[in-house]
Amino acid sequence: MAVGFSVCSLVLYLFKPLLGFQESFSPILWWSVLAGLIWAGSFVLFVGSIDLIGLSRSNQWKNLQGPVGAVLSLVVLKEFATTNPVFALLAAVAIFLSAIFFTTSSETAKKINIRGVSLALLSALGFGSVAVIQKYVTSHVGVYLQQVVWSLAIAGSIATYILLRGKISELRRAVKREVWVGLSAGVLYLGASLFQLFSYQHLAASIAFTMIQTSALWTIAIGILVFKEIDLKKHYGKVSLGLILAIIGIILLVFARK
């Protein structure tokens, strides 16, 4: 995934003459290197959490990245001037509660494992911190160059992790289908991260990053329609409450911008 993401980011940057963006190297891009390191570490923690408590419960705790990102943006980036902190935080809480209602409806959820929950919470703190760094770099440098540096830092960090943990043999045993799925995920993530960075050009990070947490809706839709993880007839009430809370969260974001 990291390889696919970084290669596609480089290819996109090569279209600079066609896209016509004006970005230049700056010492501020070192923050993107740090963001890549944190993101890679958070991703490893998140995957470790999935191994221990399953995707549904792990994603539930990881979604605390929304409130974490919102609070850090308001404090570190001083977004109080452009954002109403009360509405932003209420929106973050509403969207997180929405994710809880959805994920607690999963038939595959495992018993709570303290270590698994701890790993997911640490990943949430990391992902929320990355959002703040990205907003800062977007405001001072731009999108495309930041994405190149950030993605290469991610790929380099994960490659280092694989080497240090002696996982090269596992990587070699991966079947072609797994490799192609990972590369495809990297290409898709290019679009996701690109739109996220573009949103930071128009919205406060506390608003944009909170709105991104509604991706839980797509996850649940895939879980219901593709993987049949949730019995809609059995959990209709929880799913309905989750959807209502997600909509409330988006509405609150409308009032969050001053």
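Just so you know, these numbers come straight off a predicted model, no measurement behind them.

Student: Could you clarify how one ought to interpret a nonpolar patch on the surface in this entry?
Tutor: Nonpolar side chains collect at one region of the surface, where Val3, Val7, Val11, Leu14, Phe15, Leu18 and Leu19 lie side by side and expose about 690 Å² of accessible area between them. For the nonpolar patch, the secondary structure elements donating two or more residues are helix 1 (2-13) and helix 2 (16-19). By residue number, the principal contributor to the nonpolar patch is helix 1, which donates three residues. With respect to the secondary-structure elements, Leu18 resides in helix 2. The exposed category is assigned to Leu18, whose relative accessible area is 69%.

Student: Which parts of the structure should I look at to understand the packing of helix 8 (residues 144-164) against helix 10 (residues 176-199)?
Tutor: Packed helices, taken two at a time, are described by the angle their axes make and the gap between the axes. Remark: helix 8 packs on helix 10, axes separated minimally by 10 Å, with the N-to-C direction vectors making an angle of 130 degrees. Here helix 8 is positioned oblique relative to helix 10, judged by the angle of their axes. You can see that helix 8 and helix 10 cross each other, and the crossing is right-handed. The residues of helix 10 that touch helix 8, namely those facing Tyr144, Gln146, Gln147 and Trp150, are Tyr189, Leu190, Ser193, Leu194, Leu197 and Phe198. When its residues are assigned to classes, the contact of helix 8 with helix 10 shows seven nonpolar, three polar and no charged.

Student: When you look at the environment of Met1 in this model, what are you seeing that I'm missing?
Tutor: Tracing the chain through its elements places Met1 in the segment before helix 1. Along the backbone, Met1 and Ile154 are 153 residues apart, and their C-alpha atoms lie at a distance of 9.9 Å. Ignoring anything within four residues of it in the chain, the contact list for Met1 reads Trp39, Phe43, Gly182, Leu183, Ala185, Gly186 and Tyr189.

Conventions and cut-offs
- Residues numbered from 1 in each chain as written.
- Predicted model: local features only at pLDDT ≥ 70, side-chain atom pairs only at ≥ 80, totals over all residues.
- Heavy atoms only, no water.
- Patch = residues over 30% accessible without salt bridge, like charges linked within 9 Å, V, L, I, M, F, W, Y side chains within 5 Å.
- Areas by Shrake-Rupley, 256 points an atom, 1.4 Å probe, with all protein chains shown as cover.
- Salt bridge = Lys/Arg side-chain N within 4 Å of Asp/Glu carboxyl O.
- Helix = DSSP H or I, 4+ residues; strand = E, 2+ residues; numbered from the N terminus.
- Buried < 20%, exposed > 50% of the residue type's maximum accessible area, 1.4 Å probe, protein only.
- Axes fitted to C-alpha atoms, helices over the stretch in contact; angles between N-to-C directions.
- Parallel < 35°, antiparallel > 145°, perpendicular 65-115°, else oblique.
- Left-handed = near helix turned anticlockwise from the far one by under 90°.
- Contact = heavy atoms within 4.5 Å.
- Nonpolar A, V, L, I, M, F, W, Y, C, P; charged D, E, K, R; others polar.

So far we have only geometry, and geometry alone does not tell us how the molecule works.
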